[in-house]
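# Close look at the chain arrangement
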Amino acid sequence: MAVIPVWHGHISDDGRLGLLESERVARQSYLSTLAGKDVEITVRRKRRDRSPKAHRYYFGVVVAIMAEHCGYDVEEMHELLAMRFLRIEDDPKTGSPRRKHLPETDSEEFGEYVDRCIRFGTVDFGLHFPAPGEVAA
C-alpha cells in the first residue's frame, strides 16, 4: 500500500489556505508523480497527538488500578474500558460492536476518555487515582 503524504498549512482569518514553504520541494515532487491524473483533496483540522507520558499514565496508573481491582490483566481492562467509552456505531453489515482505537484519538479526545475512565472507577468502584503529577512518568 502506498504511503499518502500529509502536508501542513494554516487557514488565514480571511479563509485562505497557506501551505508550509518548508514542505514545498517534497510536495512538488509528489504532485509531479500525479501529473495528468484526477485527485482528491481533503482539508481537516490538525490533530494534536497525545504525549507518551499521557499514554503511560493511562496504562500504568488508570488501567492498572482498575485491572487489579477487577481481577483482569491490563489488556483485558483496557479493552473493557475502550468498548464502554470509545464505542462507535455497530458494523452496518454484521451488526458487530465496534470501537475507536487509541491511535485514532487526538490529545483532547484521549484526555476526555481517560477522565471518563477515572470517573467510572471512582464512582462505581470507589477507587482513588493519583493525579499525573503525583506519579513517576
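Given the structure is predicted, the values throughout are model-derived calculations rather than measurements. (Residues numbered from 1 in each chain as written. Predicted model: local features only at pLDDT ≥ 70, side-chain atom pairs only at ≥ 80, totals over all residues. Heavy atoms only, no water.)

## Describing the nonpolar core
Counting residues in each nonpolar core, the largest one holds 22 residues, and the members touching the most others are Tyr58, Val62, Leu81, Tyr113 and Val114. Among the elements of the structure, helix H2 (52-70), helix H3 (74-85) and helix H4 (107-125) are those that each provide at least two residues to this core. Considering each element in turn, this core owes the most residues, 8 residues, to H2. Excluding its chain neighbours within four sequence positions, the residues that come into contact with Val114 are Tyr57, Tyr58 and Val62. (Core = buried A, V, L, I, M, F, W, Y, C linked by side-chain atoms within 4.5 Å. Buried < 20%, exposed > 50% of the residue type's maximum accessible area, 1.4 Å probe, protein only. Helix = DSSP H or I, 4+ residues; strand = E, 2+ residues; numbered from the N terminus. Contact = heavy atoms within 4.5 Å.)

## Thoughts on H3
The terminal C-alpha atoms of H3 lie 16 Å apart, and with 12 residues this matches the ideal 16 Å at 1.5 Å per residue to within 8%. Met77, His78, Leu81, Ala82 and Phe85 are the residues of H3 that are buried. On an axial view of H3, the arc spanned by its buried residues comes to 130 degrees, and they lie on one face. Of the surrounding elements, those touching the buried residues of H3 are H2, strand S3 (87-88), strand S4 (98-99) and H4. Where H3 starts, the residue carrying a side-chain oxygen 3.1 Å from the main-chain nitrogen of Glu75 turns out to be Asp73. (Expected span 1.5 Å × (residues − 1). Arc of directions from axis to C-beta. Polar contact = N/O pair within 3.5 Å; in protein donor to acceptor, adjacent residues only side chain to side chain.)

## Comments concerning a nonpolar patch on the surface
A contiguous nonpolar surface patch, about 620 Å² in accessible area, is contributed by Ile11, Leu17, Leu19, Val39, Ile41 and Val43. Along the chain, Ile41 turns up in the loop between helix H1 (24-32) and H2. (Patch = residues over 30% accessible without salt bridge, like charges linked within 9 Å, V, L, I, M, F, W, Y side chains within 5 Å. Areas by Shrake-Rupley, 256 points an atom, 1.4 Å probe, with all protein chains shown as cover. Salt bridge = Lys/Arg side-chain N within 4 Å of Asp/Glu carboxyl O.)

## Things to note about the pattern of salt bridges
Here the structure, examined in full by the defined rule, presents 6 salt bridges. A salt bridge links Asp14 to Arg16; the nearest nitrogen and oxygen atoms lie 3.1 Å apart. Judged by relative accessible area, Asp14 falls into the exposed class, the value being 56%. A residue is classified by how much of its surface remains accessible, and Arg16, at 59% relative accessible area, is exposed.

The values reported here are purely geometric and, on their own, carry no functional implication.
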